[in-house]
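# Chains, contacts and geometry: an overview
Now for the letters of each chain:
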Amino acid sequence: MQLHKLLNSYVINAFKSCDLADFPTLLYPASKAEFGHYQINGAMGAAKALKTNPRVLAERIVSHLMPLKDAGMVNAIEIVGAGFINIVLSGEFLSQQALDILQDDRLGIAKQSRQIIPIDYPSANLAKEMHVGHLRASIIGDALNRVLRFLGHDAFSQDHVGDWGTQFGMLITYMVETEKVGQSQVALADLEGFYRNAKKRFEESEEFANTARSYVVLLQKGDEKVLALWRRFVQVSQKHCLEVYQKLGLLVDASNLQGESSYNDDLQTTVDELIQQGIAVDSDGAKVVFLDEIRDKNGQPTPFIIQKSDGGFLYSTTDLACIRYRVRQLKADRILYVVDVRQSLHFKELFTTARQAGFAPEEVSLEHVAFGTMMGKDGKPFKTREGNTVKLIDLLNEAIQRAKELVCAKNSDLTAEEIKTISHAIGISSIKYADLSKNRTSDYVFNWESMLSFEGNTAPYLQYAYTRIHSLLLKGGQTLESDLDSRIYAHEKEEQNLLCLLLQFEDIILSVAKDCMPHYLANYLFQLATQFSKFYEKFPILKAQNDIRKSRLQIARLTAKTLKLGMNMLGLEVLDKM
Ligand code: ARG
């Protein structure tokens, strides 16, 4: 249920009745510790603007808030301080609402009206093996994908892989060269080494470099022979990416691949359209869009180059063609780009140009979901000890290995098969959650010890919290699905807090979808798990009597269901046993 919206509708009505419809109500949770307490701060601003006494105004508002009381939703409405209005939700109301959502498969969360939402992620470059630079895009993009799908949208990954740059000339040349000595198959198995060697050859041999350049031209002209070579390289590279996606459990497979190359035929048309509209102009032979909206530090419009003077197309051209495709073909309502914050200027330029050209009309929302850099403990971008870029697959395998050591040390009763499943779930979830629990816009420090800890705001903590409630339910003769057919009582403050938090779930999900901020959900789940254990430490559940026992088991069940659904939306695995 949308608790905040529901309460606010009463507050808005009260403001209207007091002729304050133009003022914001400013309804907030009043404290971090007591979730059923809300505060209305709007009276003060309104009083100031109207030059009246805030307390007197607050009293008038309170007199119009009586419907909240009449509906049995609140216990108390009080004026405090200079004119703040405090409301305290009633246990009766919380219990009834909790029971309602418990009986619903979607925990009372409504579907939104369906939008088509392509999400640009992970979008790695195929010239190299996937490295940690694309880890954040994968994790954040996937969480958003899951949340949006749950809300009823047609969301899907559009994997804009870099498969069409000048490097491919170099790689193809090297492929032909190694082929001659019958080694290209072996060499290709190690993409990273393949790239390194190709680059070395490119730098040391003029002849090699020239061949490479001519291959690029042939490739972009659509020469069948060169395309066939390119396809072989891309296939190996894609296969490698798909393995990583699978290990990460992403909602991305071969059907989502829509690389730069797929827009090749539209590039010239896109440039022509921009020239015809007078948006792009000739500048020393190159085709450039000068953006008045985005000025450099000297006050000059920034140039967005869309075709080089030699006729070559760029990253910008592909992205413009891609927007046209997503709007015209896919009929997108909202397009998300989950890409490093260092590309902010590119997206600003891209969006501004696309709007001007009518490639993306105003109703289509274009959003750069930017994220910061993953740092090492030394505060520098994450590298291997030798200073090389870390291969993503190695990192994931290390996470699973480390989780395995942890699992074996904690629980010795597990079978080999269980250890394997649990280690995978903990290792991968830990990496994901370490990322998702931080505000995506900032850099974050990658730290094995803290992400794999059972204490603090971590995946293992949440997973363990879930497992504990799950086994509690089993001991109480319950499963997540079984319906106890009992009422819920919220006599204790801790119970009320917990229920209120459970009722805020929909508010949180909606704000994640709106702002593309998965950490709202991560932090919510952490709070929920913490609140449950506070409750559980203080009050008996299995040893409680009759109706109270039943009621508490229901609360535990709702907590487990919420944790499970929330964790799944973040792409984390829940475990019944660990
Ligand atoms: N392949 C690019 C990179 O690794 C990211 C592509 C992002 N998506 C886009 N439509 N530009 O930097």
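Report follows, based on the coordinates. Quick caveat: nothing in here was measured; it's all calculated off a predicted structure.

Cut-off values and rules
Residues numbered from 1 in each chain as written. Predicted model: local features only at pLDDT ≥ 70, side-chain atom pairs only at ≥ 80, totals over all residues. Heavy atoms only, no water. Core = buried A, V, L, I, M, F, W, Y, C linked by side-chain atoms within 4.5 Å. Buried < 20%, exposed > 50% of the residue type's maximum accessible area, 1.4 Å probe, protein only. Helix = DSSP H or I, 4+ residues; strand = E, 2+ residues; numbered from the N terminus. Contact = heavy atoms within 4.5 Å. Arc of directions from axis to C-beta. Near = heavy atom within 4 Å. Polar contact = N/O pair within 3.5 Å; in protein donor to acceptor, adjacent residues only side chain to side chain. Areas by Shrake-Rupley, 256 points an atom, 1.4 Å probe, with all protein chains shown as cover. Pairing = 2+ DSSP bridges. Axes fitted to C-alpha atoms, helices over the stretch in contact; angles between N-to-C directions. Phe/Tyr/Trp six-rings, centres within 6.5 Å; stacked < 30°, edge-to-face > 60°. Lys NZ or Arg CZ within 6 Å of the ring centre and 35° of its normal. Disulfide = S-S within 2.5 Å. 1 Å grid on protein atoms, 1.4 Å probe; cavity = no way out; pocket = protein on both sides within 12 Å on 5 of 7 lines; lining within 4 Å. Points joined across faces, edges and corners; volume = space filled by probe spheres on them. Nonpolar A, V, L, I, M, F, W, Y, C, P; charged D, E, K, R; others polar.

## Quick word on the nonpolar core
- Judged by nonpolar contacts, the single largest core of 164 residues is most densely connected at Ile61, Leu395, Ile431 and Leu521.
- Looking at this core, the element that brings in the most residues is helix H11 (residues 224-248), giving 10 residues.
- If near-sequence neighbours (up to four positions away) are discounted, isoleucine 61 is found in contact with Ala14, Phe15, Cys18, Leu20, Ala43 and Ile85.
- In terms of nonpolar packing, the next biggest core, distinct from the first, is built from 25 residues, Val327, Leu350, Phe359 and Leu366 among them.

## Some points on helix H12 (residues 267-276)
- Looking at H12, one finds that the buried residues are Leu267, Thr270, Val271, Glu273 and Leu274. Down the axis of H12, the smallest arc covering the buried residues is 160°, so these residues share one side.
- Residues of H12 that are buried sit in contact with strand S7 (280-283), strand S8 (286-295), strand S9 (301-307), helix H13 (315-328) and helix H14 (344-356).
- The first or second residue beyond H12 is glycine 278, which carries a positive phi of 75°.

## Concerning the site of the ligand
- Looking at the ligand, the residues that line it are Asp120, Ser123, Asn125, His134, His160, Tyr315, Asp319, Tyr337, Val339, Gln343 and Phe347.
- In this structure, asparagine 125 approaches the ligand through a side-chain N or O atom, which is 2.7 Å from a nitrogen atom.
- Residue aspartate 319 places a side-chain N or O atom 2.8 Å away from a nitrogen atom belonging to the ligand.
- For the ligand, the accessible surface in isolation is 350 Å², of which the surrounding protein chains cover 89%.
- Those elements that provide at least two residues to the shell around the ligand are H13 and strand S10 (334-340).

## A closer look at the sheet that holds strand S2 (residues 37-40)
- Sheet architecture is open: 4 strands sit in the order S1-S2-S4-S3, paired in antiparallel fashion. Bordering the open sheet on either side are strand S1 (27-29) and strand S3 (74-80), each of which pairs with just one other strand. Neighbour to neighbour, the strand axes of the sheet diverge by 25° on average, direction disregarded.
- Both S2 and strand S4 (residues 84-89) contribute to a ladder of 4 bridges, which runs antiparallel. Note on S4: the bridge partner recorded for tyrosine 38 is isoleucine 87.
- Along the sheet, helix H1 (residues 3-17) makes contact with S1, S2 and S4, crossing S2 at roughly 35°.

## Remarks on the packing of aromatic side chains
- Per the counting criterion, the structure on display carries 16 aromatic pairs.
- Each ring, one from phenylalanine 168 and one from phenylalanine 233, has its centre 5.8 Å from the other, and the planes form 80°; the classification is edge-to-face. You can see phenylalanine 168 sitting in helix H7 (residues 167-180) and its partner phenylalanine 233 sitting in helix H11, a full 65 residues away along the chain.
- Taking relative accessible area as the criterion, phenylalanine 168 reaches 1% and is therefore assigned buried.
- Take phenylalanine 233: its relative accessible area is 1%, and that puts it in the buried class.
- With a centroid separation of 5.5 Å and 50° between ring planes, the pair formed by tyrosine 337 and phenylalanine 351 is classed as tilted. Note that tyrosine 337 is positioned in strand S10 and phenylalanine 351 in helix H14, a separation of 14 residues in sequence.
- Classification of phenylalanine 351 as buried rests on a relative accessible area of 13%.
- Taken together, the ring pairs in this structure connect Phe168, Tyr174, Phe194 and Phe233 into an aromatic cluster.
- The ring centre of phenylalanine 150 lies 4.1 Å from the NZ or CZ of arginine 106, which sits over that ring.
- Its guanidinium or amino end placed over the ring of phenylalanine 454, lysine 410 lies 4.3 Å from that ring's centre, counting from NZ or CZ.

## Quick word on the pairing of S9
- The pairing of S8 with S9 spans 6 bridges and is antiparallel. Among the inter-strand pairings, leucine 291 is bridged to a residue of S9, identified as threonine 302.
- With antiparallel pairing between neighbouring strands as the criterion, S8 and S9 make up a hairpin whose turn holds 5 residues, including glycine 299 at a positive phi of roughly 80°.

## Examining the state of the cysteines
- With the rule as written, the count across this model stands at 0 disulfides.
- Considering cysteine sulfurs only, cysteine 322 is the nearest to cysteine 516, which forms no disulfide, with 17 Å between them.

## Comments concerning empty space enclosed by the protein
- This model, assessed by the stated rule, comprises 1 cavity of 30 Å³ or more.
- Taken as a whole, the largest cavity spans an internal volume of roughly 40 Å³.
- Lining the largest cavity are Met1, Ile101, Leu107, Ile109, Leu502, Leu503, Phe505, Glu506 and Thr562.
- Mapped by element, the contributors of at least two residues to the lining of the largest cavity are helix H19 (493-503) and helix H20 (505-515).
- In terms of residue class, the lining of the largest cavity is built from 7 nonpolar, 1 polar and 1 charged.

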